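# Summary of the model geometry
Here's the letter readout for the chains.
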Amino acid sequence: MLKNIIKQVWNQRRQNGWILLELIIAGFFLWTVIDPVYVLTVNHFTPEGYEEDGRYVLRFGAYGEKHGMRDTTVTKEQQRTAIDNMLRLVRDCPEVESALLVQNSSFPNGGIWNGTTYYADTLKSEERKYVDTQEYTFNNAGGGNLFKTYGMKNALTGGDIEVPQDAGGRNLIYVSENFARHMFGTTDAVGKKVYDYRDRAHEIAAVFKDYKHRDFEPIYPLIIRVNNKVGISPYMHWTYMIAFNLKEGVDEDAFVERFEKEVAPNMAMANFFFDRLLSFEKQRTTWAKQSGTYNVIRLKLALASFALLCIFLGMVGTFWIRCNARRQEIGLMRSLGSTKKGITSRFLTEATLLITAAFVVSLIILVHYAMQDNMAKFQCTGDMEFMSVNWFMEENPHFLMVSVITYLALLVIAWVGTLIPVIRATKILPADALRDE
């Protein structure tokens with residue numbers, strides 16, 4: 001049967017030629033609109049590597065030089081003490097499990113991206129192995145532990161990560177699975193050393209599970225450093241934030257209301273004052289709105305939906321007209337004893353062959369398109385090298401998955417455009433279908 005169908009398609013090559021051309025163009029453009037949607041979807045559903053529930057970041061402001069409430073007698077040391085006191089106020093809240101001081105780039109979906117480069121050795125050569133990485137910094141004074149506060153886990157054991165009090169002085173660092181794999185080819189990197197741009201050695205104290213800094217963006221290599229001291233600068237209120245998590249079972253709405261009413265007013269000290277409290281969830285949505293990410297997503301989804309609708313209407317119309325034009329042929333097949341199921345299967349097979357032949361040609365064009373680095377990545381701000389940790393985002397699987405999705409979409413559209421008119425035609429009596437023959 002398949003041989004006869006192929007012969008039939010070939011004999012009708014003049015009629016099918018325009019259909020093939022339409023399908024080739026449709027296949028190419030459908031692939032290009034599905035690609036960014038695929039990337040956004042995969043990035044969005046990639047595990048974050050931290051826990052969002054019950055996590056907050058506290059921002060504090062500072063009175064400027066011309067502000068009427070500014071105290072000009074405040075010293076830098078008093079400002080340092082004030083930050084310690086604000087952190088203590090948060091830690092003393094009975095609802096808070098742990099809190100610590102972090103830099104403004106060191107919490108998920110923050111507005112700042114801090115990146116650097118680490119090397120595998122100190123050899124000054126172009127062949128020296130390195131990894132471009134994102135970097136988090138936190139202060140562990142008073143037992144601060146970013147991993148416990150964020151809910152990040154050890155990649156090797158799945159348990160908590162302890163931070164020694166002298167971690168900063170010993171140049172201990174903590175790296176993500178992604179970083180370890182790209183630097184050493186394995187996640188078993190505890191005890192190994194890497195070097196910063198000043199050739200200072202840093203020992204890896206633990207490897208944590210891959211961590212996604214921002215929603216809808218891929219996971220990047222991450223290094224977490226420990227700071228024992230708080231640097232004093234005129235922009236301390238902008239440089240540092242307080243991150244904390246609540247104990248299990250705490251009513252978050254009630255906590256926020258109590259905190260802003262009872263605790264926040266006590267944070268007015270040394271020209272600092274309480275600014276706002278944002279949950280990790282709120283921080284995620286705030287960043288997405290401020291950065292324009294939501295607008296980009298809406299635009300890509302709108303373009304993909306519009307393109308899919310146009311291709312659907314065009315292809316369904318083409319296959320519908322093609323099937324209706326062969327009603328006499330369907331009537332003849334029915335008069336010769338063909339079953340409705342057999343006729344439907346034959347036309348669906350023809351549609352599948354046309355889609356497959358056209359998509360093979362589209363793939364040849366798409367391979368060249370992808371080789372020009374035109375595949376969507378939706379990277380973060382900055383010049384960090386794209387290094388995916390998700391199998392679905394590696395270049396070859398990425399291309400394959402988008403191609404499969406595109407092919408299946410084309411196939412479904414062709415089947416819809418074929419199935420409905422063929423079923424209607426098979427319900428007509430052979431004599432009526434052959435009346436105009």
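Residues numbered from 1 in each chain as written. Predicted model: local features only at pLDDT ≥ 70, side-chain atom pairs only at ≥ 80, totals over all residues. Heavy atoms only, no water.

## Digging into the overall build of the protein
What counts, and what does not: For the purposes of this entry, the term helix denotes a DSSP run of H or I that reaches at least four residues, the term strand denotes a run of E that reaches at least two, and both are numbered from the N terminus. Only protein chains enter the accessibility calculation, which uses a 1.4 Å probe; a residue is then buried when its area is under 20% of its type maximum, exposed when over 50%, and partly exposed in between. Whether two residues are in contact is decided by their heavy atoms, any of which lying within 4.5 Å being enough. Each accessible area value is a Shrake-Rupley result obtained with a 1.4 Å probe; residue values ignore everything except the protein chains displayed when judging cover.
Counting secondary structure elements, the protein contains 13 helices and 10 strands. For the protein, the proportion of its 437 residues judged to be buried stands at 48%. Looking at the protein alone, contacts between residues at least 24 apart form 80% of all its contacts between residues at least 6 apart. Surface accessibility of the protein: about 22,300 Å² in total, with carbon and sulfur atoms responsible for 56%.

## A short note on the environment of Thr 72
Secondary-structure assignment places Thr 72 in the loop between β1 (55-62) and α3 (76-91). Once the C-alpha coordinates of Thr 72 and Asn 271 are considered, the two residues, 199 residues apart in sequence, prove to be 8.7 Å apart.

## Observations concerning empty space enclosed by the protein
Our working rule: Method remark: on a 1 Å grid restricted to protein atoms, a set of points is classed as a cavity if a 1.4 Å probe fits but cannot get out and as a pocket if it is open with protein on both sides within 12 Å along at least five of seven lines; lining residues have an atom within 4 Å of a point. Grid points are joined across faces, edges and corners, and a volume is the space filled by probe spheres set on the points.
Scanning the model with the defined rule gives 5 cavities of 30 Å³ or more in all. Counted as a void, the largest cavity has a volume near 60 Å³. Looking at the largest cavity, the residues that line it are Leu 101, Val 102, Gln 103, Thr 137, Phe 138, Asn 139, Asn 227, Lys 229, Val 230 and Tyr 240. Where the lining of the largest cavity is concerned, the elements lending two or more residues are β2 (96-103) and β4 (130-139).

## Digging into the confidence of the model for the protein
Heads up, the condition is: For every residue, the predictor states its confidence as a pLDDT score lying anywhere from 0 to 100.
On average, the protein scores 84 in pLDDT, and the residues at 70 or more come to 86%. Residue range residues 380-386 is modelled with pLDDT below 50. Its contacts to residues more than four positions away, or to other chains, number 21 contacts.

## Structural notes on the packing of aromatic side chains
Geometrically, a pair of aromatic rings is defined through the distance of the ring centres and the angle of the planes. Note the threshold: For Phe, Tyr and Trp, rings pair up if their centres lie within 6.5 Å, where Trp contributes its six-membered ring, and each pair is then called stacked (planes under 30 degrees apart), edge-to-face (over 60) or tilted (otherwise).
Inspection of every chain in the model, using the stated rule, returns 23 aromatic pairs. Pairing Phe 60 with Phe 272 gives two aromatic rings, centres 5.5 Å apart and planes at 70°, and the pair type is edge-to-face. Pair noted here: Phe 60 is in strand β1 and Phe 272 is in strand β10 (residues 272-279), with a separation of 212 residues, a long-range link. Its relative accessible area of 2% is what places Phe 60 among the buried residues. A relative accessible area of 2% means that Phe 272 is categorised as buried. A centroid spacing of 5.9 Å and a plane angle of 70° characterise the contact between Phe 244 and Phe 255, whose relative ring orientation is edge-to-face. Of the two residues, Phe 244 is situated in strand β9 (residues 240-246) and Phe 255 in helix α7 (residues 252-263); the sequence distance between them amounts to 11 residues.

## What to know about the environment of Leu 411
As for its placement among the helices and strands, Leu 411 is situated in helix α12 (residues 395-426). Apart from the residues within four sequence positions on either side, Leu 411 is in contact with Thr 352 and Ile 355.

## Observations concerning the layout of surface pockets
What counts, and what does not: Basically, the charged four are Asp, Glu, Lys and Arg, the nonpolar ten are Ala, Val, Leu, Ile, Met, Phe, Trp, Tyr, Cys and Pro, and anything else, Gly included, counts as polar.
For the second largest pocket, the calculated volume is near 220 Å³. What lines the second largest pocket is a set of 15 residues, among which Tyr 118, Asp 196, Arg 200, His 202 and Arg 225 lie closest to the centre. Listed by contribution, the elements that provide at least two residues to the lining of the second largest pocket are β3 (115-119), β5 (172-176) and β8 (222-227). Its residues assigned to classes, the lining of the second largest pocket shows 6 nonpolar, 4 polar and 5 charged.

## Quick look at the packing of helix α9 (residues 293-324) against α12
To be explicit about the condition: For helices, the fitted axis covers only the stretch in contact; all axes are lines through C-alpha atoms, and the angles between them, taken along N-to-C directions, range from 0 to 180 degrees. What makes a crossing left-handed is the near helix being turned counterclockwise from the far one by less than a right angle; a clockwise turn instead makes it right-handed.
Contact pair α9 / α12: the axes reach a minimum separation of 8 Å and the direction vectors enclose 35°. Regarding α9 and α12, the two cross each other, and that crossing is right-handed. Residues Leu 308, Ile 311, Phe 312, Met 315, Val 316, Phe 319, Trp 320, Cys 323 and Asn 324 of α9 pack against Leu 410, Ile 413, Ala 414, Val 416, Gly 417, Thr 418, Ile 420, Pro 421, Val 422 and Arg 424 of α12. When the residues that make up the contact of α9 with α12 are grouped by side-chain class, the tally is 15 nonpolar, 3 polar and 1 charged.

## What to know about the nonpolar core
Definition in use: Side-chain atoms within 4.5 Å link the members of a nonpolar core, which is a set of buried Ala, Val, Leu, Ile, Met, Phe, Trp, Tyr and Cys residues.
Grouped together as the largest cluster of nonpolar side chains are 35 residues, with contacts concentrated most on Leu 23, Leu 30, Ile 311, Met 315, Phe 319, Ile 355 and Leu 410. If you tally residues by element for this core, the top one is helix α2 (residues 13-45), at 13 residues. Residues in contact with Leu 30, not counting those within four places in the same chain, are Leu 308, Ile 311, Thr 406, Ala 409 and Leu 410. The next biggest cluster of nonpolar side chains, apart from the first, holds 27 residues, and it includes Tyr 240, Ile 242, Leu 246 and Ala 270.

## Focus: the pattern of salt bridges
Pairs can form between side chains of opposite charge whenever their charged atoms are close. What counts is decided by this rule: For this document, the term salt bridge refers to a Lys or Arg side-chain nitrogen within 4 Å of an Asp or Glu carboxyl oxygen.
Per the stated rule, a full pass over the model turns up 15 salt bridges. With a closest N to O distance of 2.7 Å, Lys 153 and Asp 160 form a salt bridge. Since its relative accessible area comes to 28%, Lys 153 is described here as partly exposed. A single salt-bridge network, built from bridges that share partners, covers Glu 95, Arg 258 and Glu 262.

## Considerations on a negative patch on the surface
Here is the rule we go by: Exposure above 30% relative accessible area and no salt bridge define the residues that can form patches, which grow by joining like charges within 9 Å and nonpolar side chains of Val, Leu, Ile, Met, Phe, Trp and Tyr within 5 Å. Charge assignment in this entry is limited to Lys and Arg as positive and Asp and Glu as negative, and neither His nor the chain termini are counted. The location of each charge is read from NZ of Lys, CZ of Arg, CG of Asp or CD of Glu.
Judged by side-chain charge, Asp 251, Asp 253, Glu 257 and Glu 260 come together as a negatively charged surface patch. Here Glu 257 is to be found in helix α7.

## Structural notes on the pairing of β2
Sheet faces and side chains relate simply in a regular strand, where the side chains alternate between the two faces. Definition in use: We treat two strands as partners when DSSP finds at least two bridges between them.
Summarising the sheet, β2 and β9 pair through 7 bridges and their orientation is antiparallel. Residue Ser 98 lies in a different strand from β9, and its bridge partner there is Asn 245. Judged from the 2 bridges that link them, β2 and β4 form a sheet pairing that is antiparallel. Residue pairing in the sheet places Leu 101 in a bridge with Asn 139 of β4.

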